[in-house]
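Given next are the chains, with one letter for each unit.
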Amino acid sequence: MSVTSTDAAMLTAAAPSLHRKISWTGAFWVASGVPALVLFSIGAIAATVGRPAWVVWTVSILFGFIQAFTYAEIAGLFPSKSGGASIYGAVAWARYNKFFAPVSVWCNWFAWSPVLAIGSGLTAGYVLDLLFPDPNAAIKTWQITLLNLGFLKDGLTLRINATFFLGAFAMLVTFLIQHGGILKSARATMILAVAALVPLMLVSIVPLLTGDVPAAHFSPLVPLGGTGEDGKPLDGAWNTAGWTLMAGGLFIAAWSTYAFETSVCYTREFMDPQRDTFKAILYSGLLCIAAFVLIPLGFQANLGLDGMLAPDIYSGMGVAAAMSKFLGGGVLIEKIFVVMMILALMLSIMTAMAGSSRTLYQASVDGWLPRYLSHCNDHGAPTRAMGTDLVFNLFLLLLSDYVFLLAISNVGYIIFNFLNLNAGWIHRLDRPHWPRPWKASNLLLGLGAVLGFVNMFIMGMGAGIWGQGTLMAGLVFSALILPVFWYRHYVQDQGQFPAAMLEDMHLGPDEAGVQTRAGVLPWVAVAGGIAACLLGHTLGA
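Residues numbered from 1 in each chain as written. Predicted model: local features only at pLDDT ≥ 70, side-chain atom pairs only at ≥ 80, totals over all residues. Heavy atoms only, no water.

Peer 1: Describe the overall build of the protein chain, listing the residues and the values that go with them.
Peer 2: Check the secondary structure of the protein chain and you find 23 helices and four strands. For 541 residues, the compact-globule formula gives about 24 Å, and the C-alpha radius of gyration of the protein chain, at 23 Å, lands near that figure. Scored against the burial criterion, the 541 residues of the protein chain give a buried share of 58%. Carbon and sulfur atoms make up 68% of the accessible area of the protein chain, which totals about 20400 Å². The distance from the centre of the 26 positive side-chain charges to the centre of the 26 negative ones in the protein chain is 7 Å. (Helix = DSSP H or I, 4+ residues; strand = E, 2+ residues; numbered from the N terminus. Rg over C-alpha atoms; globule rule 2.2 N^0.38 Å. Buried < 20%, exposed > 50% of the residue type's maximum accessible area, 1.4 Å probe, protein only. Areas by Shrake-Rupley, 256 points an atom, 1.4 Å probe, with all protein chains shown as cover. Lys, Arg positive; Asp, Glu negative; His and termini not counted. Charge placed at Lys NZ, Arg CZ, Asp CG, Glu CD.)

Printed below as a string of structure tokens:
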């Protein structure tokens with residue numbers, strides 16, 4: 001007995017699916033965990049580029065804001081889809097090569113998913129510091145090394161310790177909250193944002209409000225040039241080495257500053273997607289501009305270069321103590337900030353699980369990823385995708401170096417951004433008459449496409465700053481989706497996409513005549529992206 005596309009659509013409709021329960025404000029609150037990501041790498045970027053760190057953050061968030069207009073347009077094309085920009089961009093590439101689309105979706109997911117491991121690891125560290133102030137406490141020093149990964153980066157291991165168990169508990173709490181659906185998640189993130197993120201943002205800019213901004217903390221505006229015999233940082237120069245450091249900073253900052261695109265992950269759950277989609281990404285972007293410009297400026301104004309290079313700022317574990325000093329606080333104030341940091345980190349974990357799980361869910365529904373992921377509970381929560389996120393990040397939580405993990409995942413994030421920024425103009429060519437609730441100007445769409453190539457160049461030039469094997473490890477991980485997609489598409493689905501995907505994305509035979517309206521241009525774009533990455537890598541070597 002055959003199943004028609006209409007029958008398939010009816011069967012899909014009968015199964016539990018995502019619920020339309022939030023407006024743009026709900027997505028805004030769910031995405032409000034993105035500004036907290038600045039706390040993950042504020043020390044790492046300062047330790048890489050030195051005094052121009054605030055410039056890196058400012059330039060990066062402006063890049064991200066320009067790119068967001070492309071994502072807002074393509075999200076509006078698919079009001080019945082969840083999962084974010086990679087899902088909406090995947091269909092643009094599907095007509096030219098089936099394998100580009102799952103690579104984009106996969107790269108977006110594995111860039112977002114490690115936020116769970118990194119955020120829960122930092123949360124665990126703060127909880128341990130709060131309960132056991134002594135740095136030599138036995139619970140903080142014991143660990144069992146499971147595997148030496150020094151071939152990827154010196155000192156990298158898989159280990160199990162107290163951080164792992166507390167981090168796993170934090171992820172499980174997040175899973176249980178989000179089990180109740182998107183409305184419950186939005187309310188939880190709103191509470192966390194108001195209780196923790198807003199106060200942290202305000203306190204971090206105290207030096208800017210009081211005018212306590214020593215000129216020596218910002219000048220001379222040159223990259224780091226290493227350290228002297230006394231261990232003090234030396235000024236570098238704007239030569240190839242200096243620009244390579246800047247590229248490394250822009251590369252790692254993109255993981256945080258571009259991330260507010262997660263606000264369009266919930267299009268399928270908006271009550272009015274045509275109006276809510278653009279508002280969600282616009283206001284999330286404005287919030288992130290404020291956070292990613294002012295917070296690094298405030299930290300640098302107060303701490304100076306020497307303070308920003310402190311090991312506990314690099315690791316993220318000294319951020320609460322630093323913010324306490326902004327107010328001249330003592331032990332009690334510091335503990336209050338530790339609690340706020342824990343809440344802010346939980347906010348980022350909530351944001352990451354909500355967005356990344358919906359990417360897995362929709363990718364499964366559309367035929368890119370394994371079928372088992374296309375399941376929702378009665379509350380409209382994609383529980384199997386959330387569970388997959390949880391298990392994957394329990395493994396990542398075993399890693400001893402979270403900055404290296406961040407850098408590897410960001411290779412995939414840059415690839416995703418490149419493919420999706422180019423998806424904007426491909427959609428314009430292939431679907432010129434589709435309704436667009438919001439349409440970017442040609443200038444913004446063009447700038448977004450150009451930034452896709454700029455990002456690839458930056459990745460090629462700067463990824464190696466974070467470890468010799470960073471770029472290669474990220475590329476290898478990006479390619480892991482290919483056998484998974486091959487099995488799903490050619491073995492399980494016999495070379496056909498699910499009927500719902502064909503109908504919703506108009507890939508059926510009725511549009512066969514316009515399948516290649518962009519001609520060879522998508523292939524030229526891919527070749528250009530590879531060339532930009534290779535050029536950057538050559539210059540930065």
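Don't stop here, the text continues.
Peer 1: Give me the pattern of salt bridges: which residues, what numbers.
Peer 2: Here the structure, examined in full by the defined rule, presents seven salt bridges. Two residues, aspartate 235 and arginine 51, come together in a salt bridge whose shortest N-O distance is 2.7 Å. A residue pair is termed long-range when its members are at least 10 positions apart, and aspartate 235 in strand E4 (residues 233-235) and arginine 51 in the loop between helix H3 (38-49) and helix H4 (53-76) qualify at 184 residues. Note on aspartate 235: relative accessible area 43%, which makes it partly exposed. Salt bridges here are not isolated pairs; linked through shared partners, they connect Glu73, Arg428 and Arg436. (Salt bridge = Lys/Arg side-chain N within 4 Å of Asp/Glu carboxyl O.)

Peer 1: Before we move on, could you go through helix H13 (residues 273-308) and cite the residues and values that matter?
Peer 2: Along its 36 residues, H13 runs just 42 Å from first to last C-alpha, ending more than 12% under the 52 Å computed at 1.5 Å per residue. In the structure, H13 departs most strongly from a straight axis at asparagine 302, where the bend amounts to approximately 75°. (Expected span 1.5 Å × (residues − 1). Bend = angle between axes of the 7 residues up to and from the residue.)

Peer 1: Mind laying out the nonpolar core, listing which residues take part and the relevant values?
Peer 2: If you look at the biggest cluster of nonpolar residues, it comprises 166 residues, and the most contacted ones within it are Phe40, Phe251, Phe299, Trp368 and Met459. By residue number, the principal contributor to this core is helix H18 (residues 402-430), which donates 18 residues. Those residues in contact with phenylalanine 40 that lie beyond four places of it in its chain are Val115, Ile118, Gly119, Leu122, Trp255, Leu345, Ser348 and Leu406. (Core = buried A, V, L, I, M, F, W, Y, C linked by side-chain atoms within 4.5 Å. Contact = heavy atoms within 4.5 Å.)

Peer 1: Please set out the side chain of asparagine 393 residue by residue, giving values where relevant.
Peer 2: Here asparagine 393 shows up in helix H17 (residues 383-396). Setting aside its immediate chain neighbours within four residues, asparagine 393 contacts Ser113, Pro114, Leu116, Ala117 and Met171.

Peer 1: Give me the side chain of threonine 383: which residues, what numbers.
Peer 2: As for its placement among the helices and strands, threonine 383 is situated in helix H17. Discounting chain neighbours no more than four positions away, the residues touching threonine 383 are Phe175, His179, His375 and Asn377.

Peer 1: An account of helix H23 (residues 521-540) is needed here, citing residue identities and associated values.
Peer 2: Because an α-helix completes one turn every 3.6 residues, residues spaced three or four positions apart along the sequence face the same direction. Here H23 contains 20 residues, and its C-alpha end-to-end distance of 28 Å stays within 8% of the 28 Å for a straight helix at 1.5 Å per residue. Against the buried residues of H23 lie helix H5 (85-94), helix H6 (100-112), H18 and helix H19 (442-462).

Peer 1: Can you break down a nonpolar patch on the surface residue by residue, with the values?
Peer 2: There is a patch of nonpolar side chains on the surface, built from Leu131, Phe132, Ile139, Trp142, Ile144, Leu146, Leu147 and Phe165 and spanning about 740 Å² of accessible area. The biggest single contributor to the nonpolar patch is strand E1 (residues 143-148), with three residues. Within the secondary structure, leucine 131 sits in helix H7 (residues 114-131). (Patch = residues over 30% accessible without salt bridge, like charges linked within 9 Å, V, L, I, M, F, W, Y side chains within 5 Å.)

Peer 1: I'd love a proper account of unusual backbone geometry, names of residues and values included.
Peer 2: Note that the residue after serine 219, namely proline 220, is joined by a cis bond; omega there is 0°. You can see proline 220 is positioned in the loop between helix H11 (206-210) and strand E3 (224-227). Look at glutamine 494: it is not a glycine, yet its phi comes out positive at around 55°. By secondary structure assignment, the location of glutamine 494 is in the loop between helix H21 (481-492) and helix H22 (499-505). Among the residues examined, glutamine 494 registers a relative accessible area of 60% and is labelled exposed.

Peer 1: Can you lay out the pairing of strand E2 (residues 157-161) for me, pointing to particular residues and giving the numbers?
Peer 2: Here is the key point about a regular strand: its side chains alternate between the two faces of the sheet. Across the five residues of E2, four count as buried, placing the element largely inside the fold. With five bridges connecting them, E1 and E2 associate as antiparallel partners. Bridge pairing in E2 places threonine 145 opposite arginine 159. (Pairing = 2+ DSSP bridges.)

Peer 1: Go over the packing of aromatic side chains, please, and point to the residues and values.
Peer 2: This structure, assessed with the given rule, holds 22 aromatic pairs. Pairwise contacts between aromatic rings join Phe99, Trp368, Phe485, Tyr490 and Phe497 into one cluster. Directly above the ring of tryptophan 434 sits arginine 431, whose terminal nitrogen or CZ lies 5.3 Å from the centroid. (Phe/Tyr/Trp six-rings, centres within 6.5 Å; stacked < 30°, edge-to-face > 60°. Lys NZ or Arg CZ within 6 Å of the ring centre and 35° of its normal.)

Peer 1: Which residues make up the packing of H5 against H6, and what values go with them?
Peer 2: At a minimum axis separation of 8 Å, H5 and H6 run at an interaxial angle of 165°. Classified by the angle their axes make, H5 and H6 are roughly antiparallel. For the pair H5 and H6, the sense of crossing is right-handed. Counting all contacts with H5, which are made through Ser86, Ile87, Ala90 and Trp93, the residues of H6 involved are Phe100, Ala101, Ser104, Val105 and Asn108. In terms of residue class, the contact of H5 with H6 is made up of six nonpolar, three polar and no charged. (Axes fitted to C-alpha atoms, helices over the stretch in contact; angles between N-to-C directions. Parallel < 35°, antiparallel > 145°, perpendicular 65-115°, else oblique. Left-handed = near helix turned anticlockwise from the far one by under 90°. Nonpolar A, V, L, I, M, F, W, Y, C, P; charged D, E, K, R; others polar.)

Peer 1: With reference to specific residues and values, describe the environment of methionine 501.
Peer 2: Looking at the element boundaries, methionine 501 is found in helix H22. Taking the C-alpha atoms as reference points, methionine 501 and glutamine 362, 139 residues apart in sequence, are found 9.9 Å from one another.

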